[in-house]
Each structure stands twice: as C-alpha cells, then as structure tokens.
Amino acid sequence: MKKRMIGLLMAVVFGCSLLAGCGNGEAPKASEAVQSSEAQMTDEPEETTSTETMETGTEQGSEPESASEITDYKGSLEGVTLKVGTDTSFVPFCFPDENNVYTGFDIDLLQAFSEYLGFEYEIQPMDFTALLMSVQTNKLDMGMAGITITDQRKEVMDFATPYYDAGLQIFVKEDNEEITSIADLEGKKLALKEGTASVQYVSDNVKDCTVTTFPNIEEAYLEVQRGAADAVVYDAPNMLYYVSQNTDCGAKVVGELVDGCQYGIVLNQGSEYTEYINAALKQFREDGTYDTIYKKWFGQ
Ligand code: GLN
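Residues numbered from 1 in each chain as written. Predicted model: local features only at pLDDT ≥ 70, side-chain atom pairs only at ≥ 80, totals over all residues.

**Some words on the sheet that holds strand 2 (residues 81-87)**
One open sheet accounts for six strands, arranged 1-5-2-6-13-7; its pairing is mixed. Edge positions in the sheet fall to strand 1 (35-36) and strand 7 (158-159), since each has one partner strand and no second. Bridge analysis of strand 2 against strand 6 (residues 142-143) gives two bridges, and the strand direction is parallel. Note that in strand 6 the partner of Gly85 across the bridge is Gly143. (Pairing = 2+ DSSP bridges. Helix = DSSP H or I, 4+ residues; strand = E, 2+ residues; numbered from the N terminus.)

**Examining the nonpolar core**
If you look at the biggest cluster of nonpolar residues, it comprises 79 residues, and the most contacted ones within it are Phe171, Ala231 and Val232. In terms of residues, this core owes the most to one element, helix 3 (residues 105-117), which gives seven residues. Looking at this core, you find at least three residues from each of domain 1 (2-49 + 75-163 + 264-298) and domain 2 (167-260). If we ignore the near neighbours within four places in the chain, the residues touching Phe171 are Tyr221, Val224, Ala231, Val232, Tyr234, Met239, Ala251 and Val253. (Core = buried A, V, L, I, M, F, W, Y, C linked by C-beta atoms within 7 Å. Buried ≥ 20, exposed ≤ 12 C-beta atoms within 10 Å, placed from the backbone. Domains from an automatic or database assignment. Contact = placed C-beta atoms within 7 Å.)

**Structural notes on unusual backbone geometry**
Here Val91 and Pro92 are connected by a cis peptide whose omega angle stands at -5 degrees. Despite not being glycine, Asn138 has its phi angle at roughly 65 degrees, a positive value. Of note, Asn138 is situated in the loop between helix 4 (128-136) and strand 6. The residue Asp208 is not glycine, and still its phi comes out positive at about 55 degrees. Of note, Asp208 is situated in the loop between helix 6 (197-205) and strand 10 (210-214). For Asp208, a count of 8 C-beta atoms within 10 Å puts it in the exposed group.

**Observations regarding the sheet that holds strand 11 (residues 231-235)**
Spatially, five strands are ordered 10-9-11-8-12 in an open sheet, and the strand pairing comes out mixed. In the strand order of this sheet, the two ends are held by strand 10 and strand 12 (251-263), each with one partner. Between one strand axis and the next, the sheet turns through 25 degrees on average, direction left out of account. Pairing of strand 8 (residues 164-173) with strand 11 involves four bridges; the strand directions are antiparallel. (Axes fitted to C-alpha atoms, helices over the stretch in contact; angles between N-to-C directions.)

Here it is as structure tokens:
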C-alpha cells in the first residue's frame with residue numbers, strides 16, 4: 001500500500017513531463033470520439049467520429065470458451081470486440097492527448113489486455129455516471145477509469161481483481177489556512193464530482209456541509225478557484241496533477257490521504273469476460289507487464 005501511495009505522488013512528477021500540453025482541463029464531449037484497438041496498435045492517432053449507437057449485449061465475434069476450461073489465456077478472446085467505456089478525463093489513467101487520442105495508465109493496460117487475450121476494443125469516453133450506468137445496463141462490456149471498488153457498485157456490476165491503490169485528498173485556495181483536514185470541512189461549501197466515491201465519503205464523514213456536484217472535476221476545481229466553494233474532495237493523483245499543470249490556479253492540495261481504496265475494472269454483472277481479465281492481470285503481475293506500465297506513469 002505504502003509503495004503505491006508514493007506512486008501517487010510520483011504521478012505528478014512523471015505525469016507532468018509525459019502529459020505536457022494536456023493541462024488545459026478540457027476534454028472532448030462524450031461520444032465525440034470512438035477509439036479502436038487498431039488505432040492504438042498502429043500508433044497512428046487515428047480518430048473516427050462514429051455516430052454508431054450503442055447496442056445492448058455483446059454479440060460480436062465468436063463466443064469465448066468457458067474460462068475455467070482454459071489453461072493458456074493467450075489469444076483466447078480472438079474474434080471478440082469489446083466496448084470499453086472511459087471517463088472523459090481522469091489523469092493520468094485515461095485522458096485525451098494533444099491529438100485527442102486516449103492515453104494513460106488504464107489505456108496502456110487495456111492495450112496490453114487486448115494484445116494478450118487477442119480481443120479488439122472500441123473506446124467510448126463518457127461522463128462518469130453514464131459510464132457506470134452503461135456498464136450496469138450492458139451497453140458497454142467494460143469500464144476503465146480509475147474506478148473505486150465499493151460494496152454498493154459490486155451489487156450491480158462485476159469488478160476484476162484490484163489493480164491500483166489510491167485515496168482522497170482536499171483541494172483548497174492557496175491562501176486558505178483554515179482547512180487542512182477532513183474535520184475542517186464541517187459546515188463548508190464543497191464541490192464534488194458527480195457519482196464518484198468522494199460523494200459517498202463526504203456524506204459519511206462530513207457534517208453540515210453544502211455539496212454541489214459537477215459531471216467533470218475541472219468544473220469543481222474552478223468553483224474553488226473562483227471562491228464559490230471552499231473545497232473539493234477527490235482522488236489524490238488527479239488533484240495533484242491538476243495543481244502541477246495549472247501552477248497559476250491559485251489552489252493547493254492539503255490533508256492526509258483518506259479513504260484508502262482500490263481501483264478495479266468494471267464489467268457486466270456475471271460477465272464471461274471477468275475471468276479473462278483476472279487471468280491477464282495475474283499474468284501481467286508475474287511477467288512484469290504491470291510493473292512496466294506502472295513505472296511509465298508513476299515512476300516506481
Ligand atoms: N475513483 C473515483 C470513483 O471511482 C473517481 C473516478 C473518476 O472520476 N473517474 O468514484
């Protein structure tokens with residue numbers, strides 16, 4: 001856990017140098033871009049503007065064999081195309097680069113899944129609440145967006161095995177001396193991102209506060225910057241990146257990491273693909289693929 005927490009901080013240092021040019025906080029509208037595995041593999045920032053409506057179900061390609069019968073998962077999902085939802089922007093896990101091609105830790109992991117298991121994929125960026133709802137209602141096969149594993153979410157969708165340890169911190173104006181911990185948020189005006197684990201955390205842990213939620217975290221940050229809210233509570237890696245990229249934003253990140261949590265890949269409840277993703281994650285932990293991708297984005 002500790003190693004991964006250090007990793008969160010390293011995300012700022014590494015994330016900044018790798019992601020320079022993406023710090024304007026702007027993300028394309030959901031559904032603007034559909035990015036396929038082929039575009040990733042050819043390394044061409046090829047973007048299609050498909051207006052294809054999402055179908056229900058996953059009836060594309062051949063049905064996979066039952067995972068329990070498989071001993072070698074390599075290539076076991078060949079012929080399958082998966083619809084994978086990501087957040088419009090959740091740096092450094094999934095976000096559009098300067099060519100509007102989705103990149104990040106989660107996207108690299110997805111590409112590795114695709115190469116190992118043999119499936120093709122189509123990335124669909126969308127607001128976080130829409131993402132969770134689309135996985136829940138089988139409009140997507142999978143969601144990858146630094147999604148916190150919670151008991152509530154586990155009731156309506158499947159999570160693959162945890163792949164990242166994270167936590168929450170607080171974002172306040174630079175000259176704010178009053179708020180340095182969660183306890184100081186009592187009675188304050190908070191701006192949060194809609195549908196995220198931080199909304200539940202605040203509701204469970206902060207008394208008498210006024211909460212306004214926004215579909216995109218950048219809007220919440222701006223509320224604090226313009227003095228309309230006192231603080232944002234959100235995932236630490238994203239917050240630290242934002243501050244480091246917007247050095248003139250007049251805000252800072254304070255407080256201990258709280259609500260230690262784990263991120264997981266979400267799939268439809270009872271999805272036949274969960275076992276495949278778990279097998280690939282296990283393989284990546286063993287063969288060094290996970291560490292290579294982790295080091296690329298978090299440095300150690
Ligand atoms: N980790 C947080 C959650 O799952 C936020 C994820 C996000 O905003 N993409 O609620």
